[in-house]
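What follows is the residue order along each chain.
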Amino acid sequence: MEPVQDSGTDDCYSCGGNAALNDLPPWQRILVGTGWRVAHAINCALPGWLVVIARRHITTVAELDAAEATELGLITWRLSRALIEVTGCAKTYVAAFSEAAGFTHLHVHVVPRAHGLPTDEQGPAVFTHLRRPAAEWVPEGTMDDLARALAARIATEP
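Here we summarise the structure given alongside this text. (Residues numbered from 1 in each chain as written. Predicted model: local features only at pLDDT ≥ 70, side-chain atom pairs only at ≥ 80, totals over all residues. Heavy atoms only, no water.)

Quick look at the side chain of Asp144 now. Relative to the assigned elements, Asp144 resides in helix H3 (residues 140–154). One buried charged side chain, Asp144, makes no salt bridge at all; its nearest oppositely charged neighbour is Arg148, positioned 4.5 Å away. For Asp144, the side chain forms a polar contact with the main-chain nitrogen of Trp27, separated by 3.0 Å. Those residues in contact with Asp144 that lie beyond four places of it in its chain are Pro25, Pro26 and Trp27. (Helix = DSSP H or I, 4+ residues; strand = E, 2+ residues; numbered from the N terminus. Buried < 20%, exposed > 50% of the residue type's maximum accessible area, 1.4 Å probe, protein only. Lys, Arg positive; Asp, Glu negative; His and termini not counted. Salt bridge = Lys/Arg side-chain N within 4 Å of Asp/Glu carboxyl O. Polar contact = N/O pair within 3.5 Å; in protein donor to acceptor, adjacent residues only side chain to side chain. Contact = heavy atoms within 4.5 Å.)

Right, dumping it as structure tokens:
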């Protein structure tokens with residue numbers, strides 16, 4: 001099956017990344033499937049926070065076709081297993097909102113919930129890690145290292 005080509009929009013961060021796929025660093029192409037691309041979240045203070053990005057410009061899960069929906073399920077399952085093994089997290093959270101300006105393109109968050117994460121940062125409160133000062137953001141080198149480890153782990157899944 002041929003990869004889905006993104007129609008792109010001028011102001012869409014995800015479409016921009018999808019259009020430049022071959023030029024992206026490892027942390028922005030952890031996995032590239034037919035309908036999805038996996039990247040480490042940007043401007044994030046939690047190592048291993050991943051986003052599963054639709055390869056075509058859609059804004060809601062309801063717009064998926066059956067193949068994209070099936071692939072999304074398998075990818076989130078593979079990522080969750082890989083995050084547990086690579087980061088040692090207790091579990092993963094999976095959520096999709098796609099509401100911020102420039103980020104309405106459908107993307108699904110797969111978030112590692114570490115053992116010992118303070119109660120006031122668990123569940124939906126984990127999103128406070130996306131509102132931390134830039135000095136706390138995960139460095140690109142760390143994101144690349146995690147990307148390589150996760151990609152290697154995912155490659156062993158059926």
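Packing of helix H2 (residues 66–87) against H3 brings their axes to within 9 Å, and their N-to-C directions diverge by 120 degrees. If you check the angle between H2 and H3, you find them oblique. Between H2 and H3 lies a crossing of right-handed hand. On H3, the residues that touch Arg78, Leu79, Arg81, Ala82, Leu83, Glu85, Val86 and Thr87 of H2 are Leu146, Ala149, Leu150, Arg153 and Ile154. Of the residues that constitute the contact of H2 with H3, the class distribution is eight nonpolar, one polar and four charged. (Axes fitted to C-alpha atoms, helices over the stretch in contact; angles between N-to-C directions. Parallel < 35°, antiparallel > 145°, perpendicular 65-115°, else oblique. Left-handed = near helix turned anticlockwise from the far one by under 90°. Nonpolar A, V, L, I, M, F, W, Y, C, P; charged D, E, K, R; others polar.)

Let us look at the sheet that holds strand E1 (residues 31–32). The strand order across the open sheet formed by five strands is E1-E2-E3-E5-E4, and the pairing between neighbours is antiparallel. Where the open sheet ends on each side, the last strands, each with one partner, are E1 and strand E4 (91–95). In this structure, E4 lies alongside strand E5 (residues 107–113), joined through five bridges in antiparallel fashion. Bridging from a neighbouring strand, Val94 pairs with Val110 of E5. (Pairing = 2+ DSSP bridges.)

Below, the discussion takes up H2. Here H2 spans 31 Å end to end across 22 residues, near enough to the 32 Å set by a 1.5 Å rise per residue. Here H2 has its buried residues at Glu68, Glu71, Leu72, Ile75, Thr76, Arg78, Leu79, Ser80, Ala82 and Leu83. Two residues or fewer after H2 comes Gly88, characterised by a positive phi angle close to 75 degrees. (Expected span 1.5 Å × (residues − 1).)

Moving on: the nonpolar core. If you look at the biggest cluster of nonpolar residues, it comprises 24 residues, and the most contacted ones within it are Ile30, Trp36, Val38, Leu50, Val52, Ile75 and Leu79. When contributions to this core are tallied by element, the ones reaching two or more residues are strand E2 (36–40), strand E3 (50–54), H2, E5 and H3. When residues of this core are assigned to their parent elements, the largest contribution, five residues, is made by H2. Those residues within four positions of Ile75 in sequence are excluded, and the remaining contacts are Leu31, Trp36, Val38 and Val52. Among the nonpolar cores identified, the runner-up in size contains nine residues, and Cys44, Tyr93, Leu117 and Phe127 belong to it. (Core = buried A, V, L, I, M, F, W, Y, C linked by side-chain atoms within 4.5 Å.)

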